[in-house]
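# Architecture at a glance
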Amino acid sequence: MSAFLPYSRPDIGEAEIEAVTATMRSGWLTTGPAAAAFEREFAEYVGSDEGGIHAIAVNSATAGLHLALEALGIGPEDEVIVPTWTFTATAEVIRYLGATPVIVDVDPVTLNIDLDDMAAAVGPRTRAVIVVHLAGLSLDMSRVRSLLAGTEIKIIEDAAHALPSSTGGTMVGSLKYSDVAVFSFYANKTMTTGEGGMITTRDPKVAERARVMRLHGIDRSVFDRYSATTPSWAYDVVAPGFKYNLPDPAAALGRVQLARARDMRDKRASTAGRYLTGLAGLPLTPPHPGAPHDLHSWHLFVVRLTSEAPINRARFIQEMSTAGIGTSVHFIPLHRHSYWREFLGLDHKRYPVAEAAFRAAVSLPIFSRMTDADTQRVIETTRDLLS
Ligand SMILES: *Cc1c(COP(=O)(O)O)cnc(C)c1O
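For the chain, the helix and strand inventory stands at 13 helices and 14 strands. Seen through its principal axes, the chain has C-alpha atoms that stretch 75 × 55 × 35 Å. Residues classed as buried in the chain amount to 55% of the 387 residues present. Contacts in the chain between residues at least 24 apart in sequence constitute 73% of all its contacts with a sequence separation of at least 6. Here the chain has roughly 16600 Å² of accessible surface; of this, 54% comes from carbon and sulfur atoms. Once the 37 positive and 43 negative side-chain charges of the chain are each reduced to a mean point, those two points are 2 Å apart.

If you want it as structure tokens, here you go:
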């Protein structure tokens, strides 16, 4: 009997351990030089040599999404459109600000937001949309932008799965067609700082507001305006801010992971390639692999069992677990959670694509440290169960 294979596992090497211990030896445990270096390197990574990108390190993607909406001025009268096929964090941040999420269905091929449904949901109170690059399959952001052309609606990318991802040569996070992108460095994401996240934006006002609100609403530049010589103890509080800064040991870990992000992605892409070949012909719909020249991060590998499958999704998950293989479901759609259903008065029938996908979806193991033998074991077990 082989060891249990989880559906995801972080890839932490000696270089990460050394980088973290070095920060601890430096004596600087909160946000400092490592976080500043991480922000510079991240802006360069997603923006190549174009420049103009502000990267703001935070202690989670949830914090980053909250800061992004706050900096864009979203408030109680506003509506923000989100897809139902996502993690609750995408929508909960809208409620933090007293605004209302408008939850729409997803595309049957990609499971990313359905762009027609998104456009149809725009109303007089719509101030923003948050799109999700599900599993790391980048949405075509130029289409989102053109559908919202002529409006003041802000476009936010929940890029929690999308490092590194690109479409049409544009890296997610480089903001060619959007206002803000937010990445997650949670333990099971494509790179990790344990807990952490990064905001990118080209808007200097959004960047400044997010930086101030990330740390208690403290603004040293405001104080500078009133005093010619600023002593080091002096600061001014301009708003009731939050405590969302990323500590240096986490940032040091992130710098090493960022340098390895492409290599880790290529390893997941190799697993994905083996799955696509090895699972062909089975009664399941494989994930969309993206256009040939696009970069898919392959954070997740979500298959959907078809009606021809000999067992249902619940039984498949149970049998895989018995065979020592971990799986998961990404996601239970928002409209199926009691809070969202009751607060917004949602009806399952409003989401036919997500409903069908939810009954059938299961995430197979994919992570950079998977061996070819691990991948083969998943393929063979899946073939046994579904043939
Ligand atoms: C993980 C995840 C988040 C939240 O990330 P945290 O860093 O844990 O706050 C947000 N959106 C999506 C789609 C996610 O998968």
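Turning our eyes to something else, we now look at the site of the ligand. Close contacts around the ligand come from 16 residues, with Thr 62, Asp 158, His 161, Ser 184 and Lys 189 the closest. The separation between a nitrogen atom of the ligand and a polar side-chain atom of Asp 158 is 2.7 Å. Within the contact set of the ligand, an oxygen atom lies 3.2 Å away from a side-chain nitrogen or oxygen of Lys 189. Considering the ligand on its own, with 380 Å² of exposed area, one finds that the protein chains cover 92% of that surface. Counting residues per element, the ones that place at least two in the shell around the ligand are helix 3 (61-71) and helix 4 (89-96).

Next up on the list: the packing of helix 10 (residues 313-322) against helix 13 (residues 372-386). It is at 11 Å that the axes of helix 10 and helix 13 come closest, and there the two elements cross at 135 degrees. Relative to helix 13, the element helix 10 lies oblique. As for the relative orientation of helix 10 and helix 13, their crossing is right-handed in sense. Where helix 10 abuts helix 13, its residues Phe 316, Glu 319 and Met 320 lie against Val 378, Thr 381, Thr 382, Leu 385 and Leu 386.

Taken in spatial order, the three strands of this open sheet run 12-13-14, and their pairing is antiparallel. Bordering the open sheet on either side are strand 12 (284-285) and strand 14 (361-364), each of which pairs with just one other strand. Pairing geometry for strand 13 (residues 301-305) and strand 14, over four bridges, is antiparallel. What sits directly across from Arg 304, in strand 14, is Ala 361. Along the sheet, helix 12 (residues 352-360) makes contact with strand 13 and strand 14, crossing strand 14 at roughly 50 degrees.

What follows deals with the side chain of Arg 265. By the element assignment, Arg 265 lies in helix 9 (residues 248-278). Those residues in contact with Arg 265 that sit more than four places away from it in its chain are Pro 164, Leu 295, His 296, Ser 297 and Trp 298.

The tally for this structure, following the rule as stated, stands at ten aromatic pairs. Ring geometry for Tyr 339 against Trp 340: centres 4.8 Å apart, planes inclined by 70 degrees, an arrangement best described as edge-to-face. Within the aromatic cluster, the residues linked to one another by ring pairs are Phe 38, Phe 42, Phe 183 and Phe 185. Note that Arg 313 overlies the ring of Phe 358, its terminal NZ or CZ placed 4.8 Å from the centroid.

In an α-helix, one full turn covers 3.6 residues, which means residues spaced three or four apart are oriented alike. Residues of helix 10 that are buried include every one of Arg 313, Phe 316 and Met 320, and no others. Down the axis of helix 10, the buried set is contained in an arc of 55 degrees. They therefore lie on one face. Facing away from the buried side of helix 10 by over 90 degrees, the exposed positions are Ala 314 and Thr 322. Turning to helix 10, the residues buried within the fold contact strand 13, helix 12, strand 14 and helix 13. Put simply, Asn 312 is the residue that caps the front of helix 10, since its side-chain oxygen is 3.3 Å from the backbone nitrogen of Ala 314. At the exit of helix 10 stands Gly 324, carrying a positive phi of roughly 80 degrees.

This brings us to the pairing of strand 1 (residues 54-58). Most of strand 1 is tucked away, with four of its five residues classed as buried. Of the strand pairs in this sheet, strand 1 and strand 9 (residues 197-201) are connected by five bridges, and their pairing is antiparallel. Of the residues in strand 9, the one forming a bridge with His 54 is Thr 201.

The subject of this paragraph is the domain arrangement of the chain. For the chain, the domain assignment lists domain 1 (14-258) and domain 2 (262-386). Using only C-alpha atoms to locate each centre, domain 1 and domain 2 end up separated by 26 Å. Linking domain 1 to domain 2 there are one salt bridge. Two residues, Arg 350 and Asp 117, come together in a salt bridge whose shortest N-O distance is 3.0 Å. There are 19 residue pairs in polar contact (both at pLDDT 80 or more) connecting domain 1 and domain 2.

Between the first and last C-alpha of helix 9 there are 42 Å, a value that for 31 residues agrees with the 45 Å anticipated at 1.5 Å per step. In helix 9, a bend of some 50 degrees at Arg 260 exceeds every other bend along the element.

Moving on, we come to the pattern of salt bridges. Applying the stated rule across the entire model yields 18 salt bridges. In this structure, the salt-bridge partner of Arg 209 is Glu 70, at a minimum N-O distance of 2.7 Å. Placement of the pair is Arg 209 in helix 7 (residues 204-214) and Glu 70 in helix 3, with a sequence separation of 139 residues. Taking the shortest distance from any N to any O, the salt bridge between Arg 359 and Glu 355 comes out at 3.8 Å. Separated by four residues within a single helix, Arg 359 and Glu 355 lie in helix 12, roughly one turn from each other.

Rules used in this analysis
Residues numbered from 1 in each chain as written. Predicted model: local features only at pLDDT ≥ 70, side-chain atom pairs only at ≥ 80, totals over all residues. Heavy atoms only, no water. Helix = DSSP H or I, 4+ residues; strand = E, 2+ residues; numbered from the N terminus. Buried < 20%, exposed > 50% of the residue type's maximum accessible area, 1.4 Å probe, protein only. Contact = heavy atoms within 4.5 Å. Areas by Shrake-Rupley, 256 points an atom, 1.4 Å probe, with all protein chains shown as cover. Lys, Arg positive; Asp, Glu negative; His and termini not counted. Charge placed at Lys NZ, Arg CZ, Asp CG, Glu CD. Near = heavy atom within 4 Å. Polar contact = N/O pair within 3.5 Å; in protein donor to acceptor, adjacent residues only side chain to side chain. Axes fitted to C-alpha atoms, helices over the stretch in contact; angles between N-to-C directions. Parallel < 35°, antiparallel > 145°, perpendicular 65-115°, else oblique. Left-handed = near helix turned anticlockwise from the far one by under 90°. Pairing = 2+ DSSP bridges. Phe/Tyr/Trp six-rings, centres within 6.5 Å; stacked < 30°, edge-to-face > 60°. Lys NZ or Arg CZ within 6 Å of the ring centre and 35° of its normal. Arc of directions from axis to C-beta. Domains from an automatic or database assignment. Salt bridge = Lys/Arg side-chain N within 4 Å of Asp/Glu carboxyl O. Expected span 1.5 Å × (residues − 1). Bend = angle between axes of the 7 residues up to and from the residue.

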